[in-house]
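# Fold and geometry: a report
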Amino acid sequence: MSDKLATHREQPVVSVVIPVWNVAPWLDQCLESVERQTIGTAAIELIAVDDGSTDGSGEMVDAFAASRPWVTVIHQANSGGPGAPRNAGLDRARGRYVFFLDADDYLGVEALERLVAMAERNTSDIVLGRMVGIEGRVRGRSALFADNHDRVPVEVVFRSGNVLKLFRRSLIEQAGLRFQPGVAGGEDGDFMARAYLRAGTISIVGDYACYFARRRPGSQTSRADRKDDLVEYFARLEANRIEPVVASRRAGVRRDMLLSKPLGKLAGKFWHAWPHRDPDERRRVFD
């Protein structure tokens, strides 16, 4: 692993962690969207983690960082998923807040300023921003994101399992939150389940398009035909999303609301694709 270290006289307000792997066509737009943030680069620490790119993405982030002391670049061998590079970014982060940004997406110009302002006003541990799908990415329209909400119950947002949000870094560190490395899907939901359950105040910035999420060939959002190892998948689902809820919440309607998503994901594996799986595998899953 090698890195170029950014130097700051003071603690940055927000550390933006970007895992980078073969995203050259979209990377400039992503990095520039961070630089153009109205909160100002003096408040930002950008940590780009090149996860063994082979398309020149690593050289692109190096060139971007060369004249920008608020940017840190880390290079590491490919890990097979976004978890390890996000962990590397978290290990280096110094900001009061952390924001995870995917390298093929980009931010609305006022996003960080609005998200941080919401967190400061309400002492929020997690702030969700309104997301917009682009280039074929479909985002469901929710009334919850039609306006701002200073405080929302965890049951209301628990189904939002991506990590493309603002987090108070002390929450992440006190809860010991990290991503499971080498997982090519589902690591966001595992992280978010534990983050939500440990969070105090959760807020929403819904009156502004904070995050623009792209669908691209080869991304997790476009792999509809991916087949998981179901035994491993169910074990992760139980350990990371079901057991933490059961252990931290009393039985009742509110706990049932939290469990509805992971149990729904479990049940969904027995739907359309189930009859097409190998009979021996189906037996192994049931056992």
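Residues numbered from 1 in each chain as written. Predicted model: local features only at pLDDT ≥ 70, side-chain atom pairs only at ≥ 80, totals over all residues. Heavy atoms only, no water.

## Thoughts on the overall build of the protein chain
Our working definition: Starting at the N terminus, helices and strands are each numbered in turn, a helix being any DSSP run of H or I of at least four residues and a strand any DSSP run of E of at least two. Accessible area is worked out with a 1.4 Å probe on protein chains only. A residue is then buried under 20% of its type maximum, exposed over 50%, and partly exposed in between. Residues are treated as being in contact if the distance between any of their heavy atoms lies within 4.5 Å. Working definition of accessibility: Shrake-Rupley area with a 1.4 Å probe, residue cover restricted to the visible protein chains.
Across its full length, the protein chain holds ten helices and nine strands. A buried classification covers 51% of the 287 residues belonging to the protein chain. For the protein chain, contacts bridging at least 24 residues in sequence account for 84% of all contacts bridging at least 6. Taken as a whole, the protein chain presents about 13,500 Å² of accessible surface, with 50% of it coming from carbon and sulfur.

## Digging into the nonpolar core
Note the threshold: The set of buried Ala, Val, Leu, Ile, Met, Phe, Trp, Tyr and Cys residues whose side-chain atoms join them within 4.5 Å is what this entry labels a nonpolar core.
With 41 residues, the main nonpolar core has Ile-18, Val-34, Leu-46, Phe-99, Leu-101 and Leu-166 as its most contacted residues. For this core, the leading source of residues is helix α4 (residues 111-122), giving six residues. In this structure, Ile-18 is in contact with Cys-30, Leu-31, Val-34, Leu-46, Ile-47, Ala-48, Val-49, Leu-101, Asp-102 and Ala-103, ignoring residues within four places of it in sequence. Within the second largest apolar cluster, 35 residues are counted, among which are Val-152, Met-192, Ala-195 and Tyr-196.

## Quick word on the confidence of the model for the protein chain
It should be kept in mind that the predicted coordinates are not to be read in detail where pLDDT is low. For clarity, the cut-off: pLDDT measures the predictor's confidence residue by residue and takes values from 0 up to 100.
In this model, the protein chain carries an average pLDDT of 91, and 90% of its residues clear a pLDDT of 70 or more. Overall, residues 1-8 carries pLDDT values under 50, and its contacts beyond four positions in sequence, including any with other chains, amount to 27 contacts. Below a pLDDT of 50 lies the segment residues 220-225, which in the model reaches ten contacts outside its immediate sequence neighbourhood of four places, other chains included.

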